[in-house]
Amino acid sequence: NDPVALREAGCVCDGKGDYKGAFEYYTEAAKLGDVEVHNFLAKSYHTGEGVEKDEKKEVYHLERAAIGGHRDARYNLGIIEGNNGNFERARRHFIIAANLGDDKSLGKLKKIYQIGDISKEDFAATLRAHQAAVEATKSPHREAAEANVEYGETLFFG
């Protein structure tokens with residue numbers, strides 16, 4: 001009954017193309033309280049891999065992950081809200097994700113700032129929070145791990 005182990009087992013299944021198996025592991029991990037796995041479930045509902053596509057369930061799982069602090073889920077909610085014409089909600093999602101260090105959200109906010117839909121003060125505050133979040137995650141161990149991942153991606157994916 002280890003939610004992290006179940007999530008990882010789901011990732012192994014996903015990597016092998018066993019999307020139904022992955023979905024089952026992800027669902028069990030979510031039942032045991034794994035917040036991060038909600039982002040994986042949202043992806044499953046978005047793509048229809050292992051389960052029937054369902055936008056409402058996708059958004060539900062994105063919201064659960066976002067509430068738990070998952071910045072990619074928060075970014076994706078911003079995209080969905082923007083596509084639905086809810087620009088204020090989209091902007092708020094991007095601000096929260098950028099404050100957590102998400103570069104994609106910061107890029108969206110730069111565009112929003114350029115068209116005048118975010119104040120200079122709010123944009124500046126978000127830039128400062130983004131930088132602080134990025135700085136807080138820097139460590140020699142993290143940089144070494146990222147270098148190994150980049151090396152592996154170059155090695156295996158060209």
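## Considerations on the pattern of salt bridges
For step 1, the next point in the chain: What the rule picks out here adds up to 11 salt bridges.
For step 2, the next point in the chain: Measuring nitrogen to oxygen at the nearest pair gives 2.7 Å for the salt bridge that ties Arg91 to Glu88. Placement of both Arg91 and Glu88 in helix H6 (residues 87-99) is noted, with a separation of three residues, approximately one turn of the helix.
For step 3, the next point in the chain: Since its relative accessible area comes to 15%, Arg91 is described here as buried.
For step 4, the next point in the chain: Across the pair Glu135 and Lys138 runs a salt bridge, and its minimum N-O distance is 3.3 Å.
For step 5, the next point in the chain: Here Glu135 falls in the partly exposed class, since its relative accessible area comes to 41%.
For step 6, the next point in the chain: A cluster of three or more residues bridged by salt bridges with shared partners is formed by Arg7, Glu8, Asp34 and Glu36.

## Describing the packing of aromatic side chains
For step 1, the next point in the chain: Enumeration over the complete set of coordinates arrives at four aromatic pairs.
For step 2, the next point in the chain: On the numbers, 5.5 Å between centres and 90° between planes, the contact of Phe23 with Tyr45 is edge-to-face. Placement of Phe23 in helix H2 (residues 19-31) and of Tyr45 in helix H3 (residues 37-47) is noted, with a sequence separation of 22 residues between them. You'll find Phe23 and Tyr45 in the same group, each marked buried.
For step 3, the next point in the chain: Aromatic pair Tyr113 and Phe123: ring centres 4.8 Å apart, planes at 10°, arrangement stacked. Of this pair, Tyr113 sits in helix H7 (residues 103-114) while Phe123 sits in helix H8 (residues 120-136); the two residues are 10 residues apart in sequence, bridging distant segments of the chain.
For step 4, the next point in the chain: Among the residues examined, Phe123 registers a relative accessible area of 9% and is labelled buried.

## Structural notes on the side chain of His61
For step 1, the next point in the chain: Position of His61 relative to the elements: it lies in helix H4 (residues 55-67).
For step 2, the next point in the chain: On the basis of relative accessible area, His61 is assigned to the buried category, the value being 10%.
For step 3, the next point in the chain: With near-sequence residues (within four places) excluded, His61 lies in contact with His38, Leu41, Ala42 and Tyr45.

## Quick look at the confidence of the model for the protein chain
For step 1, the next point in the chain: On average, the protein chain scores 91 in pLDDT, and the residues at 70 or more come to 92%.
For step 2, the next point in the chain: Contacts of residues 151-158 to residues separated by more than four positions or lying in other chains number two contacts, the stretch itself having pLDDT below 50.

What counts and what doesn't
- Along every chain, residues carry numbers that run from 1 in the direction the sequence is written.
- Under the rules for a predicted model, residues below a pLDDT of 70 receive no local features and side-chain atom pairs below 80 are neither given nor counted, while totals for whole chains, interfaces and linings still include all residues.
- Where side-chain values are given, they derive from all heavy atoms of the structure, hydrogens and water being excluded.
- Counted as salt bridges are all cases of a side-chain nitrogen of Lys or Arg within 4 Å of a carboxyl oxygen of Asp or Glu.
- The helix and strand labels rest on DSSP assignments: H or I over at least four residues marks a helix, E over at least two residues marks a strand, and numbering proceeds from the N terminus.
- Buried, partly exposed and exposed residues are distinguished by accessible area as a fraction of the type maximum, computed with a 1.4 Å probe on protein chains only: under 20%, between the cut-offs, and over 50%, respectively.
- Classification of ring pairs uses Phe, Tyr and Trp, with its six-membered ring standing for Trp, and accepts pairs whose centres are within 6.5 Å; under 30 degrees between planes counts as stacked, over 60 as edge-to-face, and the remaining range as tilted.
- It only takes one pair of heavy atoms within 4.5 Å for two residues to be counted as in contact.
- Per residue, pLDDT captures the predictor's confidence, and it can take any value from 0 to 100.

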